[in-house]
Amino acid sequence: MKVNVDPDACMGCGVCETIVPEVFLIGDEGYAVTLLVPAPEQYRDLIQQAVDECPEEAISAEE
Ligand code: SF4
């Protein structure tokens, strides 16, 4: 699946990285970046959890 983080919306809180560190990393610029493009299906549920729990609604995921 395609996962995207809006760098203008992300505040670098690290919630997504905590939920699924295989997919998200807080980069040197201070916002989350995606490590696996596209993200493997095995992480679907955790990615959805990250989408739901991101306080800035900065993560989007689509098939
Ligand atoms: S949870 Fe949202 S705001 Fe927090 S680091 Fe991840 S993308 Fe950024």
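Residues numbered from 1 in each chain as written. Predicted model: local features only at pLDDT ≥ 70, side-chain atom pairs only at ≥ 80, totals over all residues. Heavy atoms only, no water.

A. Structural context of the overall build of the protein chain. Helix and strand counts for the protein chain stand at two helices and four strands. From first element to last, N terminus to C terminus, the protein chain shows the α and β order β-α-β-β-α-β. Against the compact-globule benchmark of 11 Å for 63 residues, the protein chain has a radius of gyration of 10 Å, which places it among compact chains. Overall, the C-alpha framework of the protein chain stretches about 25 × 20 × 20 Å when taken along its three principal axes. A total of 63 residues make up the protein chain; the buried ones form 32% of that total. A sequence separation of at least 24 residues applies to 51% of the contacts in the protein chain between residues at least 6 apart. With the model as given, the accessible surface of the protein chain reaches about 3900 Å², and the carbon-plus-sulfur share is 47%. (Helix = DSSP H or I, 4+ residues; strand = E, 2+ residues; numbered from the N terminus. Rg over C-alpha atoms; globule rule 2.2 N^0.38 Å. Buried < 20%, exposed > 50% of the residue type's maximum accessible area, 1.4 Å probe, protein only. Contact = heavy atoms within 4.5 Å. Areas by Shrake-Rupley, 256 points an atom, 1.4 Å probe, with all protein chains shown as cover.)

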